[in-house]
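Overview (structure and organization)
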Amino acid sequence: MNCSPKRIRLVATAGTICLATVWASSIGAAAPKITRLSVRGFQAGGATRLLVQGSDLGGTPRLVLGAPLREQKLIGTAKSTAAEFDVVVDPSVAAGVYHLRIVTSEGITTPEIVTVDSLPQRAAAPVGSVRVEAAVELPIAMHGLVTGSTIQETRFAGRKGETVTIDVMARRMGSKLRPVVHLYDASKHQLAWSLPQTELAGDARLTVTLPADGDYTAAVHDLTYAAAAPGYYRLALGSYDYADQVFPPVVERGSSKPLESTPLESTPLESTPLELIGRFGNRTTRELAAPAVAAVLASSAGSNPGDSRALPWPDKTVPLGLRPRVRLSDLCELVEDRTLDASRTLPLLPVAVCGRLLKPGETDLYHVELTAGEKLQVEVFADRLGSPIDATLELRDENGARLAQADDVVGPDPRLDYTAPKKRSRVTIAVNDALSRGDESCLYRIVVSRLDDATRQADFRLTFSEDTHNVLGNGTTVFRVLVERTGYDGAIRLTVVGLPKGFVSTPTEIPAGADGALLEIRRSGTNEDLTFAPITIRGESLDAKPAIMHIAESAVHPLGNLQPWLKSELILAASETKAPLLAAWADDSMPNAAMYQGTDDKLSVRLERDPAAKGAVRLSLITTQAAPTGANQQQNAALMLRGIAATVDIKPDPKKETAEFAIRIPADLRTADYDLAIRAELLSVDGKTTVAESFTPSRRAHVRPPIEIVADAMPTVPIRLDSKTGAVVSLTGTLKRLHHYAGEVTITLVGLPMGVAAPSVVLKSKKEDFRLEFKLPPNFAATKIDGVKITAMITPDNRRVNTAAKTELAVPTLNVRQQETADRKPEKK
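These notes cover the structure that comes with them. (Residues numbered from 1 in each chain as written. Predicted model: local features only at pLDDT ≥ 70, side-chain atom pairs only at ≥ 80, totals over all residues. Heavy atoms only, no water.)

Bringing the pattern of salt bridges into the picture now. Applying the stated criterion across every chain, the model contains 40 salt bridges. Among the ionic pairs, arginine 344 bridges to aspartate 337, the shortest N-O distance being 3.6 Å. Its salt-bridge partner being glutamate 608, residue arginine 606 comes within 3.7 Å of it at the nearest N-O pair. Looking at arginine 606, the relative accessible area reads 13%, which means it is buried. By relative accessible area, which is 24% here, glutamate 608 ends up partly exposed. Salt bridges linked by common partners bring Asp167, Arg172, Asp203, Arg205 and Asp244 together as one network. (Salt bridge = Lys/Arg side-chain N within 4 Å of Asp/Glu carboxyl O. Buried < 20%, exposed > 50% of the residue type's maximum accessible area, 1.4 Å probe, protein only.)

Laid out in structure tokens, this is it:
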């Protein structure tokens, strides 16, 4: 059969377009997918049996772990829906969580989160299984799944006087389970139980000294007996070490330099050790040696704002759980009782200080010297650092009287703004716990800064949503890179670093003020040795000095806050199978164009596909518009640049050659540059899965109003104000209608002085000329009128939501001359 690509000619107008054709088995399989893992953990240095379930896993699949594998062996023959492996992880791998993927000749899966530690790993029997589980020997890690109201139980053998820790990892692995764990003795008497804990990111843990020899049962269920999917978990039983927190949790980037400030001890940060807080044998803390910390922080230069570094585990420990981490900061970072002197006076702002409430009921005090009228912002980080405290914040004067108070502003954490009086003053910052708790884990961080934009450093953050991209032999991939701006509104150049042979990506710019850009990567040849490669997207400011440079990160990684280094992983995988579907713009030389607020438009797409294909093709729109949200922080589809009309099935028509994809441009879409492309998905015969996808090249369009004000000559001579009648000011002009817009438009003036009525005129369909007149009263005293604008607004269409769009034109300064009368004599100079 001849499988060469053949152009399909058709036309349709829809938000989603399906094209019925034929699909032959000679076309290559889709990229693999993982739906379930029998265990979500590996024993470092030991063998673990892993069953992977999913789709398109056949052939010779390989495991890819974000840590060295000593050995992996495929058991039997892999099926499309399942593959089983014996895995040995290198014993040098540090305990923690890692990404696991499967790669085949057709691509690579999206990542799954798994653990690595020294415990043997075993799958728990499903609830309702006829298999009778014998009591397991400790230590061990059991992997199971909780659905709905089910309760998963594990029986283990214990000895009198043995101290056993039972730790449930679910939220810390990306699961949606809200775990509760119970411990029962052989008579089913409850010995202990644990609810989800803040310091465990919502997971549960308990430690018990067993009262007698015998069998015990650990039971896991959802907090409300309504587990959402996925509800997987890992239950660790035994005696081991863990670190839930690090003190201080944040350190200054570039730790080799001493902290510079007069009231501080000049102590290099390398000599300030980090303290792990958790359990280490019979101790709740363990200090990391300063040289080990310095080695980790040495690579901090050039990293993203708020980046974290994974810390090493202490020697002679049996660790498990998440890697301890320390966050990097560009502020001057102080530590209570270490790098802050006895006066507890904070240096020049901005500054941050980390401290702990070590005793119940303790209140920590810090002092700030303020100049007259200075505006201050004080923010406390506690819950966001995994601290168990409910922090409260007060500002006090020099006599101890309360000036301001805050609680539960950013979640449970407080923040407040304060303006100093019109004289130099001293303010005291007071932090405590609303429930008067205190111990080594009750840590916090205070950030004190001025509310002055001029003192805030310009910056930005780059994010992507899809962390895995599979590209067929002659295909392309297009994905969004969005920017979150902080004081920097200029252009940003995007570059793909580490792009392997056989791929091409043209450097792309995010325009000044834009939400992001579409990045295109296409196949330019073959590379038989390539199956997958990690790449990095680097962004560099073009209008800032010194230049700002950051790498893009996943915006949706489930452990983005807990293990931040995982969110920067971006994988590009190749398949030598030719793409059975190619999408392009109908006009290959399509220039950048304008899009008009409050209107509908059409994008012409050309499709080329293998004539042997069987299945439907679905088209969808990709844009760089940042998803708008309403008051409840939910996405508002009515505000999105989107395709319109319902899904339809179109029969092939050899007389047509393009598909016209209809889009709607919201009337209040911000005027800016937006990239857009069309994704074409080839579906399976049943229409349930995507077999292949293709993208049109990225196209940039500028959003603008569909109307434009063209004013006639503005008044150049002063307006003469009559002492009895005042003055009438007339402004005239023409409304220019763009993009065939013919609806009603309301034109008015805004910014007129108080007491002056604003004129308004409605231009009916196709009307263009307008006149706006306003009257100044005889007692009008000003000699100049500034800030007036002519505003034109589209009349809303009741059949559509959010169809009002407007444009403005500034009116030059209007000079007013007071007319001299017998009662009004000219002022003496």
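Now, onward.
So, about the side chain of arginine 40. Checked against the element boundaries, arginine 40 lands in the loop between strand E4 (33-37) and strand E5 (41-43). Residue classification places arginine 40 among the buried residues on the basis of a relative accessible area of 8%. Within the structure, the side chain of arginine 40 is placed 3.1 Å from the side chain of glutamate 112, a separation counted as a polar contact. (Helix = DSSP H or I, 4+ residues; strand = E, 2+ residues; numbered from the N terminus. Polar contact = N/O pair within 3.5 Å; in protein donor to acceptor, adjacent residues only side chain to side chain.)

The next subject is the packing of aromatic side chains. Summed over all chains, the structure comprises two aromatic pairs. Taking the centre distance of 5.9 Å and the plane angle of 25° together, the rings of phenylalanine 156 and tyrosine 216 count as stacked. Here phenylalanine 156, found in strand E15 (residues 152-158), pairs with tyrosine 216, found in strand E20 (residues 214-222); they are 60 residues apart in sequence, far enough to count as distant. Take phenylalanine 156 and tyrosine 216: they sit in the same class, and that class is buried. Just above the ring of tyrosine 232 sits the side chain of arginine 40; from NZ or CZ to the centre is 3.7 Å. Between the NZ or CZ atom of arginine 384 and the centre of the ring of phenylalanine 381, over which it lies, the distance is 3.9 Å. (Phe/Tyr/Trp six-rings, centres within 6.5 Å; stacked < 30°, edge-to-face > 60°. Lys NZ or Arg CZ within 6 Å of the ring centre and 35° of its normal.)

Strand-to-strand pairing in sheets goes through backbone hydrogen bonds, with the strands running parallel or antiparallel. Reading across from one edge, E13-E14-E21-E16-E19 is the order of the five strands in this open sheet, with mixed pairing throughout. A strand with exactly one partner marks an edge of an open sheet, and here the two such strands are strand E13 (121-123) and strand E19 (204-209). Strand-to-strand twist of the sheet, defined as the mean angle between neighbouring strand axes without regard to direction, takes the value 20°. In this sheet, strand E21 (residues 232-238) lies alongside strand E16 (residues 163-169) in antiparallel orientation, the contact comprising five bridges. Looking at E21, one finds that methionine 169 is bridged to arginine 234. (Pairing = 2+ DSSP bridges. Axes fitted to C-alpha atoms, helices over the stretch in contact; angles between N-to-C directions.)

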